[in-house]
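Summary of the model geometry
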There are 2 protein chains.
Amino acid sequence: MRPDMPTASDLSSHLGYWLRYVSNHVSHAFALKLGSCDVTVAEWAILRELYGDDHRAPSHVAHKLGLTRGAISKLADRLIAKGLATRTASASDGRAQTLALTAGGRRLVPKLAALADRNDAEFFGHLGPKQRSAVERILKEIVRIRGLKSTPID
Amino acid sequence: MRPDMPTASDLSSHLGYWLRYVSNHVSHAFALKLGSCDVTVAEWAILRELYGDDHRAPSHVAHKLGLTRGAISKLADRLIAKGLATRTASASDGRAQTLALTAGGRRLVPKLAALADRNDAEFFGHLGPKQRSAVERILKEIVRIRGLKSTPID
DNA sequence: TATTGTTATACTCTATAACTATA
DNA sequence: TATAGTTATAGAGTATAACAATA
């Protein structure tokens, strides 16, 4: 370091930086695993969402995942093309649609979840249960706080 | 939840999932702030790297940031086009290059760091100092462990 | 042959904005 | 007019692989 250099705060201290660094690598490793099932990380997020909460409006999924409706629309197209999900028009509201898993999609989710388990173990397996749950709690807390604060996404 | 549904491990328990969720939002919010200085998040990572460790080989930067040389090459092009960095041929090795900040680039880093500070505060400001340093330690530890394990990136 | 870097190509991810159809 | 959803467009981010120059 140069003694005459402005500190620029402490460059190594931004949590966002390390979060992005680690997240990029965790997601990339996971993407390689999911690739063996021809599914991407973003697709997995939707499958996972629909698995617990089937027949949902695209806008609901968008809100849950923190994405725009346009993004969900495109991802849903891919899932449908792969035979993993369906899109159904609502009977009561001509504008509304519903997303759901096909039988194949539903069967696939536990397999993908096993890959997610393995990926998690590779990156976080060394953490003790207390550390692990502390991280999980902190992340979910941020989502909660930001979720309340956030203006509608589009 | 459907009582007959296979558990698929616990879908809400993948740290990688929450990490990606939070990281995406933190990075997006940061990108909006950096946009006011016409800098992207990936460009910031390089500027930040060169600020503390100037005149570095692209391959060194790639290794530090966990990216490929091709990715650095493209990002460096953009930084050079913006007048924030320079690329210099090595005298001793005809293949080697060196990246460094321009005076303007060096002046810009503290401003960007202030934006990073602000972004961090928005997302992590509610954490106590102990929580904060715990998260930081855990993230850096993962980088350390994975760094040792990882095969060269290309 | 091995290494440093660049370039060409291709995808995913995601947003914004315009648009369609319905309410 | 407002809302649900789709589509068009665009750009960031990144990888892989082929390539050129040098060692």
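Just above, that's the structure.
Note that this is a predicted model, so its numbers are computed, not measured.

**Observations regarding the packing of helix α1 (residues 15–35) of chain A against helix α2 (residues 41–52) of chain B**
As a packed pair, α1 of chain A and α2 of chain B sit with axes 12 Å apart at the nearest point and diverge in direction by 115°. By the angle class used here, α1 of chain A and α2 of chain B are roughly perpendicular. As α1 of chain A packs across α2 of chain B, the resulting crossing turns out to be left-handed. Along its contact with α1 of chain A, which presents Tyr-17, Trp-18 and Arg-20 of chain A, the element α2 of chain B presents Val-41, Ala-42, Trp-44, Ala-45, Arg-48 and Glu-49 of chain B. Classifying every residue of the contact of α1 of chain A with α2 of chain B gives six nonpolar, no polar and three charged.

**Notes on the relation of the copies chain A and chain B**
Between chain A and chain B, the superposition needs a rotation of 180° and an axial shift of 0.0 Å, giving an RMSD of 0.0 Å. Given the turn and translation reported, the copies of this chain are related as if by a two-fold rotation axis. Most of the interface of chain A is mirrored in chain B, where 100% of its interface residues again form contacts.

**Some words on the pairing of strand β2 (residues 97–101) of chain B**
Residues and elements named next belong to chain B. With respect to burial, β2 is a largely interior element, four of its five residues being buried. Pairing between strand β1 (residues 85–89) and β2: five bridges, direction antiparallel. Paired with Thr-88 across the bridge in β2 is Thr-98.

Rules used throughout
Residue positions are given per chain, counted from 1 along the sequence in the order it is written. Just so you know, chain letters begin at A and ligand numbers begin at 1, following the order they were written in. Restriction of local features to residues with pLDDT of at least 70 applies here, the model being predicted, together with a cutoff of 80 or more for giving and counting side-chain atom pairs; totals for whole chains, interfaces and linings are based on all residues. Heavy atoms from the whole structure form the basis of all side-chain values; hydrogens and water molecules are not counted. Whenever a helix is involved, its axis is fitted only over the stretch in contact; in every case the axis is a line through C-alpha atoms, and angles between N-to-C directions fall within 0 to 180 degrees. Numbered from the N terminus, helices here are DSSP runs of H or I no shorter than four residues, and strands are runs of E no shorter than two. Orientation labels follow simple angle bins: below 35 degrees gives roughly parallel, above 145 gives roughly antiparallel, 65 to 115 gives roughly perpendicular, and whatever is left gives oblique. Rotating anticlockwise by less than a right angle from the far helix to the near helix defines a left-handed crossing, while the corresponding clockwise rotation defines a right-handed one. Pairs of residues are marked as contacts when any of their non-hydrogen atoms sit within 4.5 Å. Gly counts as polar in this scheme, as do all residues outside two lists: the nonpolar Ala, Val, Leu, Ile, Met, Phe, Trp, Tyr, Cys and Pro, and the charged Asp, Glu, Lys and Arg. The copies were overlaid by least squares, fitting only the C-alpha atoms of residues that reach a pLDDT of 70 or more in each copy. Categorising residues by exposure relies on relative accessible area from a 1.4 Å probe, with only protein chains included: less than 20% of the type maximum marks a residue as buried, more than 50% marks it as exposed, and the intermediate range marks it as partly exposed. Two strands make a pair as long as DSSP finds a minimum of two bridges between them.

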